[in-house]
Amino acid sequence: MWIDLRSDTVTQPTEEMRQVMANAEVGDDVYGDDPTVNRLEILACKMLGKESAIFVPSGTFGNQLAIMSHTQRGDEILVGEGCHILMHEVGGAAVLSSVQTRSFPSDLGYVDIHQLEKMIRGKDIHFPNTGLICIENAHSSGTVVPLKNMLEVYELAKSKHIPLHLDGARIFNASTALGVDVKEIAACADSVNVCLSKGLCAPVGSILVGNKEFILKARKNRKLMGGGLRQAGILAAAGIVALTKMVSRLGEDHKNARYLADRLEEFESCHVHRNRLDINMVFFTLTESVISESTLIAGLNTEGIRINGQEDGEYRFVTNHGVSIKDIDKVIETIKNIIVNYSCA
Ligand SMILES: *Cc1c(COP(=O)(O)O)cnc(C)c1O
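Residues numbered from 1 in each chain as written. Predicted model: local features only at pLDDT ≥ 70, side-chain atom pairs only at ≥ 80, totals over all residues. Heavy atoms only, no water.

Some points on the packing of aromatic side chains
(1) Moving on: Tallying each qualifying case throughout the model produces two aromatic pairs.
(2) Moving on: Look at F284 and Y315: their rings are 5.4 Å apart centre to centre, the planes differ by 20 degrees, and that puts the pair in the stacked class. In this pair, F284 is assigned in strand β12 (residues 281-286) and Y315 in strand β14 (residues 315-318), connecting sequence segments 31 residues apart. Per residue, the accessibility class of F284 equals that of Y315, and both read buried.
(3) Moving on: Here the aromatic rings of F284 and F317 are separated by 4.8 Å at their centres, their planes lie at 85 degrees, and the arrangement is edge-to-face. Of this pair, F284 sits in strand β12 while F317 sits in strand β14, placing them 33 residues apart in sequence.
(4) Moving on: The buried category is assigned to F284, whose relative accessible area is 0%.
(5) Moving on: Feature note: the residues F284, Y315 and F317 constitute an aromatic cluster, connected by ring pairs.
(6) Moving on: The cationic tip of K158 hangs over the ring face of Y154; the distance from NZ or CZ to the ring centre is 4.3 Å. (Phe/Tyr/Trp six-rings, centres within 6.5 Å; stacked < 30°, edge-to-face > 60°. Helix = DSSP H or I, 4+ residues; strand = E, 2+ residues; numbered from the N terminus. Buried < 20%, exposed > 50% of the residue type's maximum accessible area, 1.4 Å probe, protein only. Lys NZ or Arg CZ within 6 Å of the ring centre and 35° of its normal.)

Notes on the side chain of E136
(1) Moving on: With respect to the element layout, E136 can be found in strand β7 (residues 130-136).
(2) Moving on: Buried and unpaired, E136 has R170 as its nearest opposite-charge partner, separated by 6.6 Å.
(3) Moving on: From its side chain, E136 meets the backbone nitrogen of H84 in a polar contact 2.7 Å long.
(4) Moving on: Within the local environment of E136, its side chain forms a polar contact with the side chain of S140, the two groups lying 2.5 Å apart.
(5) Moving on: For E136, the residues in contact, after removing those within four places along its chain, are C83, H84, V145, L166 and D167. (Lys, Arg positive; Asp, Glu negative; His and termini not counted. Salt bridge = Lys/Arg side-chain N within 4 Å of Asp/Glu carboxyl O. Polar contact = N/O pair within 3.5 Å; in protein donor to acceptor, adjacent residues only side chain to side chain. Contact = heavy atoms within 4.5 Å.)

Some remarks on the domain arrangement of the chain
Note on interface size: it is often stated as the accessible area lost on association of the parts.
(1) Moving on: For the chain, the assigned domains read domain 1 (15-246) and domain 2 (249-344).
(2) Moving on: A separation of 30 Å is found between the C-alpha centroids of domain 1 and domain 2.
(3) Moving on: With both sides pooled, the region where domain 1 packs onto domain 2 buries about 1300 Å², and carbon together with sulfur makes up 60% of that total.
(4) Moving on: Viewed at the interface, domain 2 and domain 1 are joined by zero salt bridges.
(5) Moving on: Run the count over domain 1 and domain 2 and you get three residue pairs in polar contact (both at pLDDT 80 or more).
(6) Moving on: In terms of residue class, the side of domain 1 that touches domain 2 is built from eight nonpolar, nine polar and one charged. (Domains from an automatic or database assignment. Buried area = accessible area lost by both parts, 1.4 Å probe. Nonpolar A, V, L, I, M, F, W, Y, C, P; charged D, E, K, R; others polar.)

With respect to the pairing of strand β8 (residues 164-167)
(1) Moving on: Neither face of β8 is exposed, since L164 and L166 on one face and H165 and D167 on the opposite face are all buried.
(2) Moving on: Looking at chain direction, β7 and β8 are connected through four bridges and run parallel. Along β8, the bridge assignment pairs I135 with L166.
(3) Moving on: Two strands pair when backbone bridges link them, and β8 and strand β9 (residues 191-195) are joined in this way by three bridges, in the parallel orientation. For D167, the partnering residue across the bridge sits in β9 and is N193. (Pairing = 2+ DSSP bridges.)

Some details on the nonpolar core
(1) Moving on: Counting residues in each nonpolar core, the largest one holds 60 residues, and the members touching the most others are I133, I171 and F172.
(2) Moving on: Mapped onto the domain boundaries, this core takes at least three residues apiece from domain 1 (15-246) and domain 2 (249-344).
(3) Moving on: If we skip the residues at most four places from it in the chain, F172 touches M47, V182, V194, L200, L243, V247 and L250.
(4) Moving on: By size, the runner-up hydrophobic cluster in this structure holds 27 residues, among which are L264, C270, V272 and I291. (Core = buried A, V, L, I, M, F, W, Y, C linked by side-chain atoms within 4.5 Å.)

Side note on the site of the ligand
(1) Moving on: Close to the ligand lie 13 residues, the nearest being G59, T60, D167, R170 and K198.
(2) Moving on: G59 is positioned such that a nitrogen or oxygen atom in its backbone is 2.9 Å from an oxygen atom of the ligand.
(3) Moving on: Here an oxygen atom of the ligand and a side-chain polar atom of T60 are 2.6 Å apart.
(4) Moving on: Across the complex, the protein chains shield 85% of the 380 Å² of accessible surface that the ligand would expose by itself.
(5) Moving on: Judged by the proximity of its atoms to the pocket grid, the ligand belongs to the largest pocket.
(6) Moving on: Broken down by element, the shell around the ligand gets its largest block of residues, three residues, from helix α3 (residues 59-70). (Near = heavy atom within 4 Å. Areas by Shrake-Rupley, 256 points an atom, 1.4 Å probe, with all protein chains shown as cover. 1 Å grid on protein atoms, 1.4 Å probe; cavity = no way out; pocket = protein on both sides within 12 Å on 5 of 7 lines; lining within 4 Å. Sits in = over half its atoms within 2 Å of the grid points.)

What to know about helix α10 (residues 212-224)
Each turn of an α-helix holds 3.6 residues, which means side chains three or four residues apart point in the same direction.
(1) Moving on: Taking 1.5 Å of rise per residue, 13 residues should cover 18 Å, and α10 covers 19 Å from first to last C-alpha, within 8% of that figure.
(2) Moving on: For α10, the full list of buried residues reads F214, I215, A218, N221 and R222. Down the axis of α10, the buried set is contained in an arc of 115 degrees. They therefore lie on one face. Opposite the buried face of α10, by more than 90 degrees, sit the exposed residues K212, E213, L216, K220 and L224.
(3) Moving on: Buried-residue contacts for α10 involve α2 (35-48), β2 (52-56), α3, β9 and β10 (206-210).
(4) Moving on: Capping the start of α10 is the job of one residue whose side-chain oxygen sits 3.3 Å from the backbone nitrogen of E213: N211.
(5) Moving on: G226 sits one or two residues past α10 and shows a positive phi near 80 degrees. (Expected span 1.5 Å × (residues − 1). Arc of directions from axis to C-beta.)

Here you go:
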């Protein structure tokens, strides 16, 4: 078994997931009669405190579906700099929804409400309409945004009659870190996208929630985007286990991330970004002269450990269901050996 620190998307479905998938009662979800998908959607509504929910193939799909269902062609959407919608969705908003994307400054997910307000468009005929605001929590930078800040953004959005979408791919990591019910976070936005296939270990799928009218629109747009799945209950069955059984263990990933950070700091050449250690992600730098990126990746790989290369000069190690304290100790010992060998070479 690999020790895989590349992401929490690498998590394998649990034994219970495989069992319920094999035995799932299914129908045709495009006709709306897959009982397992319907059960998952109702469960998601209850947990997130929203009227309606729709099962989608991925987190990217859920975000793009939300953008398409909230906006008109030619609208401008406001997204925080560094967020997933802007950085990691292939420019989908332009291609799929024909909207213009403009980013507002955001300090590790935290929104300066006054700066955001200034970016909302007025009535001048030269301006595009501000059709949507998007925020992210937990944030891709490894931080969690306090509820108070989210509420400020929501109040502003409501006062301007602009819908607010929350990319909550890791919303359960956020609720775990903040120590609040996930409903309280979801209550700070009109729609929320939630990943089942990250730390929660489902093999496939995300959930988009919102009010009835919005999800009805999203149902038609999901079909347009080619995301109308048929016997999707096979996948939804794992999603139900994800929501009912896997949320409460996320705190373990967070604790392990802190342990990993402590141990990485044993290396003098390592700097951990402690201000971004709210969830299951550890961001750090390693002095390139002490150990090069290619040497580190290759050296870990031979010992059965997978990591990603640096992004913007930083490594990101992500703890997840498949990574134990013992595994972390092995990672540290392996890095120690690589560094010793490297300096002798
Ligand atoms: C992973 C992620 C997504 C997209 O999920 P995929 O299922 O990989 O498409 C969206 N937003 C954030 C913040 C994410 O971390």
